[in-house]
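Results of the structural survey
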Amino acid sequence: MAKSFTLYKLIILYMLNQVDFPLTNSQISEFILDKGYTSYFKLQQALSELLESGFIREESTHHRTFYHLTEDGAETIHYFTNDISSAIQHDIDEFLKEKHYELKNEMSVKADYFENSNMEYSVRCQVIEQGLPLIDLTVTAPTESEAATIANNWQKRNQEIYALVMAKLL
């Protein structure tokens, strides 16, 4: 049991080490659960223990949690990669290769909101490309419900909105 649980942690570290962007809880879960490696609850426990040990760090918004590999995590997976079978490594590599654009695109579109000093909500909408903002837009909404709607719509319609803004500005 302990050996299996260690493997789940190594799979997570390996996945994060293979990409140059953070992964969401749902992206990690999609691979591990679809392959039947473990249950959702054990996966969440593995993520929690990796956070506590400082091997990964999380970045949370109202909608998603992003996981980043820390230096300690990178060092750990460097030493223990061979503890993951070549078949599992191949499955991970294929998953990341097949879904690379989709995974990266999901990470490049960000929207979050917070209550501001006017007792309204500021909604920050971004598209990040190669680590730099392609667009970084902050709008104010009078209620939290409207802020959440704006953030959700940004996820769905960011390309259309970006194209409209650029067309009007150029």
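Residues numbered from 1 in each chain as written. Predicted model: local features only at pLDDT ≥ 70, side-chain atom pairs only at ≥ 80, totals over all residues. Heavy atoms only, no water.

**Notes on the pairing of strand S4 (residues 109-115)**
- Where S4 meets strand S5 (residues 121-129), seven bridges bridge the pair, whose relative direction is antiparallel. Pairing of Ala111 across the sheet is with Cys125, part of S5.
- In sequence, S4 turns back onto S5 through a hairpin of five residues, with Met119 there showing a positive phi of about 65°. (Pairing = 2+ DSSP bridges. Helix = DSSP H or I, 4+ residues; strand = E, 2+ residues; numbered from the N terminus.)

**Looking at the pattern of salt bridges**
- Overall, the coordinates contain five salt bridges when judged by the stated rule.
- Between Lys99 and Glu30 there is a salt bridge whose closest N-O contact spans 2.7 Å. On the criterion of sequence distance, the pair formed by Lys99 in helix H5 (residues 86-108) and Glu30 in helix H2 (residues 25-34) is long-range, its members being 69 residues apart.
- With its nearest N and O atoms 2.7 Å apart, the salt bridge here joins Glu160 to Arg157. Note that Glu160 and Arg157 are positioned in helix H6 (residues 144-169) at a spacing of three residues, about one turn of the helix.
- Its relative accessible area of 48% is what places Glu160 among the partly exposed residues. (Salt bridge = Lys/Arg side-chain N within 4 Å of Asp/Glu carboxyl O. Buried < 20%, exposed > 50% of the residue type's maximum accessible area, 1.4 Å probe, protein only.)

**Some words on the packing of H2 against helix H3 (residues 40-53)**
- It is at 11 Å that the axes of H2 and H3 come closest, and there the two elements cross at 130°. In terms of their interaxial angle, H2 and H3 are classed as oblique. Helix-helix and strand crossings are classified by hand; for H2 and H3 the assignment is right-handed. Taken together, the residues of H3 that come into contact with H2 (itself represented by Asn25, Ile28, Ser29, Ile32 and Leu33) are Tyr40, Leu43, Gln44 and Leu47.
- Taken together, the residues of the contact of H2 with H3 sort by class into six nonpolar, three polar and no charged. (Axes fitted to C-alpha atoms, helices over the stretch in contact; angles between N-to-C directions. Parallel < 35°, antiparallel > 145°, perpendicular 65-115°, else oblique. Left-handed = near helix turned anticlockwise from the far one by under 90°. Contact = heavy atoms within 4.5 Å. Nonpolar A, V, L, I, M, F, W, Y, C, P; charged D, E, K, R; others polar.)

**So, unusual backbone geometry**
- Positive phi outside glycine occurs at Met119, with the angle close to 65°.
- Position of Met119 relative to the elements: it lies in the loop between S4 and S5.
- Overall, the relative accessible area of 58% leaves Met119 in the exposed class.

**Re the pairing of S5**
- Inspection of the sheet shows S5 paired to strand S6 (residues 132-141) by nine bridges, in the antiparallel sense. Along S6, the bridge assignment pairs Cys125 with Leu137.

**Comments concerning H3**
- Here H3 is 14 residues long and its end C-alpha atoms lie 20 Å apart, about the 20 Å a rise of 1.5 Å per residue gives.
- Restricting attention to buried positions, one finds in H3 the residues Leu43, Ala46, Leu47 and Leu50. Summarising the axial view, the buried residues of H3 lie within an arc of 100°, below the 170-degree limit, and thus occupy one face. Of the residues in H3, the exposed ones pointing more than 90 degrees away from the buried face are Phe41 and Glu52.
- Note on H3: the residue one or two positions beyond its end, Gly54, has a positive phi of about 80°. (Expected span 1.5 Å × (residues − 1). Arc of directions from axis to C-beta.)

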